[in-house]
Amino acid sequence: MYTKDAIRYSLNLADQAVMRSLETIEDAPLTFPTENGGCHPLWVVGHLAFVEGLTHEMLGGGSNPVGDWAAIFGQDTVPTADAARYPAMREVRAQYVQLRSAICSFWNR
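Fair warning: this is a prediction, and the values are worked out from it, not measured in the lab.

A. Spatial organisation of the packing of aromatic side chains. According to the stated counting rule, one finds two aromatic pairs in the structure shown. When the centroid spacing of 5.4 Å and the interplanar angle of 70 degrees are considered together, the rings of Trp 69 and Phe 73 count as edge-to-face. With respect to class, Trp 69 is no different from Phe 73; both count as buried. Taken together, the ring pairs in this structure connect Trp 69, Phe 73 and Tyr 86 into an aromatic cluster. Against the face of Tyr 86 rests Arg 85, its NZ or CZ located 5.8 Å from the ring centre.

Structure below.
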């Protein structure tokens, strides 16, 4: 197995797990995982999209398409239950899917 094959395999496996999980939690985007808080599904997907955008940037694809989300989904941000702070879950999910697809396309060259 070549390095690119391992990267493609890992990306596909992780993506399948994320998408399966999303299907079960999209109706409760601001539900915290424990009574002590944690990262709710909307924050997790937004953070993943933000990181995909950073990867896009590192691979030479230009600036992070969701770079303006740094204040709500970036490193060291704290999830809140205030829905007004966040884009809609469908928008965040769509950005994640689009950016992940672009990263996978890069490794399929």
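B. Quick look at the pattern of salt bridges. Summed over all chains, the structure comprises two salt bridges. One salt bridge connects Arg 8 with Asp 5, and the closest N-O pair in it is separated by 2.4 Å. On the criterion of helical spacing, the pair formed by Arg 8 and Asp 5 is a turn pair, its members being three residues apart in helix 1 (residues 3-25). On the basis of relative accessible area, Asp 5 is assigned to the partly exposed category, the value being 27%. The salt bridge partner of Arg 100 is Glu 52, with a shortest N-O separation of 2.7 Å. Linking Arg 100 in helix 4 (residues 89-107) with Glu 52 in helix 2 (residues 41-58), this pair joins segments that are 48 residues apart in sequence. Each of the two residues, Arg 100 as well as Glu 52, counts as buried.

What counts, and where the lines are drawn
- Residues numbered from 1 in each chain as written.
- Predicted model: local features only at pLDDT ≥ 70, side-chain atom pairs only at ≥ 80, totals over all residues.
- Heavy atoms only, no water.
- Phe/Tyr/Trp six-rings, centres within 6.5 Å; stacked < 30°, edge-to-face > 60°.
- Buried < 20%, exposed > 50% of the residue type's maximum accessible area, 1.4 Å probe, protein only.
- Lys NZ or Arg CZ within 6 Å of the ring centre and 35° of its normal.
- Salt bridge = Lys/Arg side-chain N within 4 Å of Asp/Glu carboxyl O.
- Helix = DSSP H or I, 4+ residues; strand = E, 2+ residues; numbered from the N terminus.

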